[in-house]
Amino acid sequence: MTFLHDAIEKLEAILEGSGCEHGVVTLSVNYDTDVCQYPKGVCMEGQFGGKIGQFVTSEPIRANTRISFMYGAPLKNQKQRGAAITIINAVSAFLCLTRKHRPCTPDCHTPCLAELSREVAGKRIYLVGPAPVLERALRDQITNSPEAADLFLVAGDGMTSDEGIACIDNYLGKKRMIFLGPSTSGVSGLMNFEHWCPYGR
């Protein structure tokens, strides 16, 4: 079991008996929408009940699938995990479990990065998932050793790669973790993870 399976179990318990678990989520790729500046990849969107959840990934898919596809699924690869997180984000938006399920506009990128830089100032940082903006902005603070880090910043594919999942599971409760942007909002809300998205919509 991983943190992602735990999040799915929590969502399953919330939806039990509602009929929503039989609802269809449409997964697509939106190349034209605004995206969070931190994760690397393209925007996969899940649409459910008129609400949209996003997940920025290098492994997007297009499909129509039921919410219940996630229940008890092993989620063995990055595509399946990304689809599951996108579904969680869309359903969380529909149920109003999260408020920040769309990214900020590009004019907010600079103040967001400045505020995050102040939040992590003086800390040794381990990046979970590719985040080119942070690699540049925080290069003097970044460590390649999770054990040496004071805190983890988790973005996009950091939640779906084998390495990222193992890292999060191994250090949950041992290291401070900040989950970044709309891609992480649904899981963060279900699992009470620290979430950073001050200008999200």
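Just so you know, the residues in each chain are numbered from 1, in the order the chain's sequence is written. Since the coordinates come from a predicted model, pLDDT governs what is reported: local features require at least 70, and pairs of side-chain atoms require 80 or more to be given and counted, while whole-chain, interface and lining totals use all residues. Excluded from the side-chain calculation are hydrogens and water; included are all heavy atoms of the structure.

### Some remarks on the overall build of the protein
Move 1: The way it works is that DSSP assigns letters per residue, a run of H or I at least four long becomes a helix, a run of E at least two long becomes a strand, and they are numbered from the N terminus. If you tally the helices and strands in the protein, you get six helices and eight strands.
Move 2: Listing the helices and strands of the protein from first to last along the sequence gives α-β-β-β-β-α-α-β-α-β-α-β-α-β.
Move 3: For 201 residues, the compact-globule estimate of 2.2 N^0.38 gives 17 Å, and the C-alpha radius of gyration of the protein, at 16 Å, lies within 12% of that figure.
Move 4: Expressed along its principal axes, the backbone C-alpha trace of the protein runs to roughly 50 × 35 × 25 Å.
Move 5: In the protein, which comprises 201 residues, the share counted as buried stands at 52%.
Move 6: At a minimum sequence separation of 6, the contacts of the protein that also span at least 24 residues come to 67%.
Move 7: Per-residue accessibility takes into account occlusion by the displayed protein chains alone, with areas from the Shrake-Rupley method and a 1.4 Å probe. Put simply, the protein shows about 9,100 Å² of open surface, and 49% of that area lies on carbon and sulfur atoms.
Move 8: In this charge count, Lys and Arg are treated as positive and Asp and Glu as negative; neither His nor the chain ends contribute. For the purpose of locating charges, the reference atoms are NZ of Lys, CZ of Arg, CG of Asp and CD of Glu. Across the protein, 20 positive and 21 negative side-chain charges occur, with their mean positions spaced 3 Å apart. Only C-alpha atoms enter the radius of gyration; for comparison, a globular chain is expected to reach 2.2 Å times N to the power 0.38, where N is the number of residues. Each residue's exposure class comes from its accessible area (1.4 Å probe, protein chains only) as a fraction of the maximum for that residue type: buried when under 20%, exposed when over 50%, partly exposed otherwise. Here, residues are in contact when the closest pair of their heavy atoms is within 4.5 Å.

### Describing helix H5 (residues 162-171)
The α-helix winds at 3.6 residues per turn, so residues separated by three or four positions along the chain end up facing the same way.
Move 1: Taken together, the buried positions of H5 are occupied by Gly164, Ile165, Cys167, Ile168 and Tyr171. The arc that holds every buried residue of H5, seen down its axis, measures 165°, which confines them to one face. Those residues of H5 that are exposed and aimed more than 90 degrees away from the buried face are Asp162 and Glu163.
Move 2: With its phi angle positive at about 80°, Gly173 sits one or two positions after the end of H5. The arc under discussion is defined with respect to the helix axis, by the directions toward the C-beta atoms.

### Remarks on the layout of surface pockets
Move 1: Using a 1 Å grid laid over the protein atoms alone, points where a 1.4 Å probe fits but cannot get out form a cavity; open sets with protein on both sides within 12 Å along at least 5 of 7 lines form a pocket; any residue with an atom within 4 Å of a point counts as lining. Grid points are joined across faces, edges and corners, and a volume is the space filled by probe spheres set on the points. By volume, the largest pocket is sized at about 160 Å³.
Move 2: Lining the largest pocket are 14 residues, with Gly129, Pro130, Ser161, Glu163 and Gly164 sitting closest to its centre.
Move 3: Only strand E5 (125-128) and H5 provide two or more residues apiece to the lining of the largest pocket.

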